[in-house]
Amino acid sequence: MAMYYIYFLTHKFFNLICYFFNQKFKIKFINYYPIKMDIEPTTGCNFRCTMCEVSQPGFIKKNMTLETFERIIKENKQLIRIRLQGLGEPFINKNFIKMITIAQKYFIKVDFVTNGSLLNDKNINELFKLNNLNIMYVSVDGSSSKVFEQIRVGSNYNKIMLNLKNFFKINRMTKNKIKTKAMMLVQKSNKHQVEDVIKNTKSLGFNGIDFQIKLTGFGNRELDEINQQQQVVTVGEGNIVDKISKLEKKYGDRKFRFNIITNNLFTKKNKCNYPWQRPFVDTGGYVVPCCMIANSKTFNLGNIYQENFKKIWNGQKFKLFRKSIENHELHDFCKTCYMNDN
């Protein structure tokens, strides 16, 4: 067991050294492999959220197999942390807990994103048996049934709140605590409930809250146009970012931290770094530059069943994509993460 542990630790350590060396000295040749990765357990979901591609007509759900998941992990023993997220609700995949267990075997910490609807007693108990969970993110897009269920169509706000209360009751009592973050996608239809969401999530026991202001279409132009109609004001009068910043001074502290993700994530000078640091692998094994694109039909860099991940990572297609970011010759699906005038 000791030799097994040393093997993985050494593998991760040397890759981490290469990663930091490369980042510090801005070496063009990538001599490391990603230390973080987003992996999609499923595209299946029990909600039909207004802003999500899953709600689009003709969308077909798919679960990642354990074979695919383990293949990704085995080809990336250098990974330190993964986030299980994508277009679906992870608990829809009956092998979700097994995936976390596999990651644990390879000494990989796991974050995951859930809508909270399937945090029943059984699943909560399974989570607390694990020791490699890092952060559980929960989407909370309102503070009332009316607003929440209007956005997250098919949801039951009261049931989700009850699930969370049950989770935090155990989380407070156990030594094996799980870090938690609430996530709010701020839109015109829920912006008036921002303060109430903050108060509710803080009182429940969350360690912090992320506010996503930018509504994208995951590379889907039609969905992007729909979502832009719900975009909140981020400049000038009524600036939602200023409002949240003021609320941070009121409610934020070292036990409850704020993170505001605005629509000016990247600029010509402040370029996207995901293609160098944190790729996304979908349910079918397709490698995508980042989780904001998500749908491999929009764009992908190869499939792990056709080529080893490490060959894809250093392949010509990935190199050309990184060059498009470096030269600011952005694909249309990348532009939504950049300021309009840069």
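Figured I'd write up the structure that's included with this text. For clarity, every value in this text was computed on a predicted model and none was experimentally measured.

**Considerations on the overall build of the protein chain**
Moving on, step 1. Summing up its helical and strand segments, the protein chain has 13 helices and 11 strands in all.
Moving on, step 2. On C-alpha atoms alone, the protein chain measures out to a radius of gyration of 20 Å, which is about the 20 Å that the 2.2 N^0.38 rule sets for 342 residues.
Moving on, step 3. Classification of the 342 residues of the protein chain by burial places 52% in the buried group.
Moving on, step 4. In the protein chain, once contacts between residues fewer than 6 apart in sequence are set aside, the share between residues at least 24 apart is 70%.
Moving on, step 5. Per element, the accessible surface of the protein chain, about 17,100 Å² overall, is 53% carbon and sulfur.

**A closer look at the side chain of Asn123**
Moving on, step 1. Topologically, Asn123 is positioned in helix 4 (residues 121–127).
Moving on, step 2. Each residue touching Asn123, except ones within four places of it in the same chain, is listed here: Phe91 and Leu118.

**Considerations on the sheet that holds strand 11 (residues 287–288)**
Moving on, step 1. One open sheet accounts for nine strands, arranged 9-8-7-5-4-3-1-10-11; its pairing is mixed. The two strands at the open ends of the sheet, each matched to only one other strand, are strand 9 (257–261) and strand 11.
Moving on, step 2. Where strand 4 (residues 109–114) lies against strand 5 (residues 133–139), five bridges are found, and the strand directions are parallel. Bridge pairing links Thr114 to Val138 in strand 5.
Moving on, step 3. Seen against the sheet, helix 7 (residues 194–204) touches strand 7 (179–185), strand 8 (208–212) and strand 9 and runs at an angle of roughly 155 degrees to strand 8.

**Notes on the packing of helix 7 against helix 9 (residues 240–251)**
Moving on, step 1. Two elements in contact, helix 7 and helix 9, have axes separated by 10 Å at closest approach and are oriented at 35 degrees. In the packing of helix 7 onto helix 9, the handedness of the crossing is right-handed. Across the interface between the two elements, Val194, Glu195, Ile198, Lys199 and Lys202 from helix 7 touch Ile240, Ile244, Leu247, Lys250 and Tyr251 from helix 9.

**Focus on helix 6 (residues 157–173)**
Moving on, step 1. Along its 17 residues, helix 6 runs 25 Å from first to last C-alpha, staying within 8% of the 24 Å computed at 1.5 Å per residue.
Moving on, step 2. Buried residues of helix 6: Tyr157, Ile160, Met161, Asn163, Leu164, Phe167, Phe168 and Asn171, and no others. For helix 6, the angular spread of the buried residues around the axis is 155 degrees, confining them to a single face. Turned more than 90 degrees away from the buried face of helix 6, the exposed residues are Asn158, Lys169 and Met173.

**Quick word on unusual backbone geometry**
Moving on, step 1. In this structure, Phe107 takes a positive phi of about 55 degrees despite not being glycine.
Moving on, step 2. Here Phe107 shows up in the loop between helix 3 (96–105) and strand 4.
Moving on, step 3. Even without a glycine there, the phi angle at His328 is positive, about 60 degrees.
Moving on, step 4. Within the secondary structure, His328 is located in the loop between helix 12 (316–326) and helix 13 (332–335).

**Here we look at helix 12**
Moving on, step 1. All of the buried residues along helix 12 are Phe318, Phe321, Arg322, Ser324 and Ile325. All buried residues of helix 12 lie within an arc of 150 degrees about the axis, which places them on one face of the element.
Moving on, step 2. Residues of helix 12 that are buried in the fold lie against helix 10 (274–277), strand 11, helix 11 (309–313) and helix 13.
Moving on, step 3. Looking one or two places after helix 12, you find His328, whose phi comes out positive at around 60 degrees.

**Some points on the pairing of strand 8**
Moving on, step 1. A large share of strand 8 lies buried, amounting to four of its five residues.
Moving on, step 2. As paired strands, strand 7 and strand 8 are joined by four bridges and run parallel to one another. If you follow Met184 over to strand 8, its bridge partner there is Phe211.
Moving on, step 3. Note: strand 8 against strand 9, five bridges, orientation parallel. Paired with Asp210 across the strands is Asn259, a residue of strand 9.

**Regarding the pairing of strand 5**
Moving on, step 1. For strand 5, the buried fraction is high: seven of the seven residues fall into the buried class.
Moving on, step 2. As paired strands, strand 5 and strand 7 are joined by five bridges and run parallel to one another. Looking at strand 7, one finds that Tyr137 is bridged to Lys181.

**Re the packing of aromatic side chains**
Moving on, step 1. Enumeration according to the criterion identifies 23 aromatic pairs in this entry.
Moving on, step 2. With a centroid separation of 4.9 Å and an interplanar angle of 65 degrees, the aromatic rings of Phe168 and Phe206 are classed as edge-to-face. Placement of Phe168 in helix 6 and of Phe206 in the loop between helix 7 and strand 8 is noted, with a sequence separation of 38 residues between them.
Moving on, step 3. Taken together, a centroid distance of 5.2 Å and an interplanar angle of 35 degrees make the contact between Phe299 and Phe333 tilted. Residue Phe299 is found in the loop between strand 11 and helix 11, and its partner Phe333 is found in helix 13; the two are separated by 34 residues along the sequence. For the pair Phe299 and Phe333, one class covers both residues: buried.

Calculation criteria
Residues numbered from 1 in each chain as written. Predicted model: local features only at pLDDT ≥ 70, side-chain atom pairs only at ≥ 80, totals over all residues. Heavy atoms only, no water. Helix = DSSP H or I, 4+ residues; strand = E, 2+ residues; numbered from the N terminus. Rg over C-alpha atoms; globule rule 2.2 N^0.38 Å. Buried < 20%, exposed > 50% of the residue type's maximum accessible area, 1.4 Å probe, protein only. Contact = heavy atoms within 4.5 Å. Areas by Shrake-Rupley, 256 points an atom, 1.4 Å probe, with all protein chains shown as cover. Pairing = 2+ DSSP bridges. Axes fitted to C-alpha atoms, helices over the stretch in contact; angles between N-to-C directions. Left-handed = near helix turned anticlockwise from the far one by under 90°. Expected span 1.5 Å × (residues − 1). Arc of directions from axis to C-beta. Phe/Tyr/Trp six-rings, centres within 6.5 Å; stacked < 30°, edge-to-face > 60°.

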